[in-house]
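Notes for the structure review
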Amino acid sequence: MRPTYSLIVPLYNEQDTLPELVRRLTAVMDDLDAPSELVLVNDGSHDQSLRLLRSFHQQDDRICYINFARNFGHQIAVTAGLNFVRGDMVVILDADLQDPPELIPELIQQWRSGFQVVYAQRTKRVQESWLKRSLAYWFYRILRQLSDVDIPTDAGDFCLLDRSVIDILNKMPERTRYLRGLRSWIGFNQTAVPFSRDARFAGEVKYTFRKSLKLAMNGIVSFSQVPLRLSTYLGLFAAFVSLIMGFLILYWRIFVPNSPLTGFTMILIAIFFLGAIQLVSIGILGEYIGRIYEEVKGRPLYTISEMAGLES
Ligand code: UDP
Ligand code: MG
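We now turn to the structure provided with this report. Just so you know, these numbers come straight off a predicted model, no measurement behind them.

Before going further, it helps to examine the coordination of the magnesium ion (ligand 2). In the first shell of the magnesium ion (ligand 2), the protein supplies Asp 96 (OD) and Gln 98 (OE1), at 1.8 to 1.9 Å from the metal. Just as Asp 96 is buried, Gln 98 falls in that class too.

Okay, structure coming up:
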């Protein structure tokens, strides 16, 4: 029988949290009023995660899994889950139990009352470093300023999506997938459910600083062209500054003829200043062109080496 409720959990080296995760998720699933499925997407873990997934599937056929042939990243793992789920709606949540499964019935209640997108909004982050919290705080606010799409602040990937939204997401071919942004771009009736983000149940954070930075860059580049325009502004600014420097030098030449400032220091500063602006501008161009290149190659988003419980 086709399930009504689908759950997607992307995971990467989560052997220590998996048993507890499945216990809490299946407890929630047991209490739902219609059949459900749990799709675990193993993003190329190299611990015992895959072995655990196989045994979960054997014990409970509501639990399905997709095993990537290598690590493709969290956003791609969620995308793969979306490609395969069969429910009328889907809830996406992290494997580390930072997104409490017990919130799912509340999300479903909002969906029943007519919302196609219900995203969980963090009111509190327990046990995350001061640096991470403040970087996240500022990132979401800057992104909101830069982007034309109204991307809500402090909303991660923990959300519920209706079938109509899943179908649209599945038709989007783009590879640079910033799901929080795409979710907002789609529109429909959206609402937030506040929650306090728990601490990670076990294991290390899998989103390394590098991965988080990449995600943040993807968010900005795929939802804003303001950085491209920045080079123009920087260029104008540089032109303005050189004009002022020209006048200053003229002034010094006439009134302070022995000032060392008119010498090579000034020239060096100007060279460094212009060089920096040009490099930054080329870098920004590179961010966009690199992504165009990725899109043009048109490679599949992921490769699957094993799956169970789902039709391929
Ligand atoms: N994850 C993944 N692939 C990766 C990195 C992370 O599937 O390359 C999963 C991870 O197992 C977890 C979720 O993405 O379920 C969020 O990762 P994490 O808790 O490390 O990051 P946080 O969002 O808490 O900073
Ligand atoms: Mg986490």
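Still to come is the rest of the account.
Attention now goes to the site of ligand 1. Around ligand 1 sit 19 residues in total, of which Glu 14, Asp 96, Gln 98, Lys 132 and Lys 206 are the nearest. Between an oxygen atom of ligand 1 and a main-chain N or O atom of Pro 10, the distance comes to 2.9 Å. Here Glu 14 contributes a side-chain N or O atom positioned 2.6 Å from an oxygen atom of ligand 1. Burial of ligand 1 by the surrounding chains reaches 95%, relative to a free accessible area of 530 Å². Residues of the shell around ligand 1, tallied by class, amount to 6 nonpolar, 4 polar and 9 charged.

Right, let's get into the layout of surface pockets. Empty space among the atoms can be located by rolling a probe the size of a water molecule over them. Volume-wise, the second largest pocket comes out at about 230 Å³. Every residue along the wall of the second largest pocket is listed here: Glu 174, Thr 176, Val 221, Ser 222, Phe 223, Ser 224, Gln 225, Leu 228, Tyr 288, Arg 291, Ile 292 and Glu 295. Those elements that place two or more of their residues in the lining of the second largest pocket are α8 (209-223) and α10 (264-297). Per-element tally for the lining of the second largest pocket: the top contributor is α10, with 4 residues. Residue classes in the lining of the second largest pocket are distributed as 5 nonpolar, 4 polar and 3 charged.

Reading the values: rules and limits
Residues numbered from 1 in each chain as written. Chains lettered and ligands numbered in written order. Predicted model: local features only at pLDDT ≥ 70, side-chain atom pairs only at ≥ 80, totals over all residues. Heavy atoms only, no water. Donors = N, O, S within 2.8 Å, 3.2 Å for Na, K, Ca; no water. Buried < 20%, exposed > 50% of the residue type's maximum accessible area, 1.4 Å probe, protein only. Near = heavy atom within 4 Å. Polar contact = N/O pair within 3.5 Å; in protein donor to acceptor, adjacent residues only side chain to side chain. Areas by Shrake-Rupley, 256 points an atom, 1.4 Å probe, with all protein chains shown as cover. Nonpolar A, V, L, I, M, F, W, Y, C, P; charged D, E, K, R; others polar. 1 Å grid on protein atoms, 1.4 Å probe; cavity = no way out; pocket = protein on both sides within 12 Å on 5 of 7 lines; lining within 4 Å. Points joined across faces, edges and corners; volume = space filled by probe spheres on them. Helix = DSSP H or I, 4+ residues; strand = E, 2+ residues; numbered from the N terminus.

Purely geometric numbers; function is a separate question.
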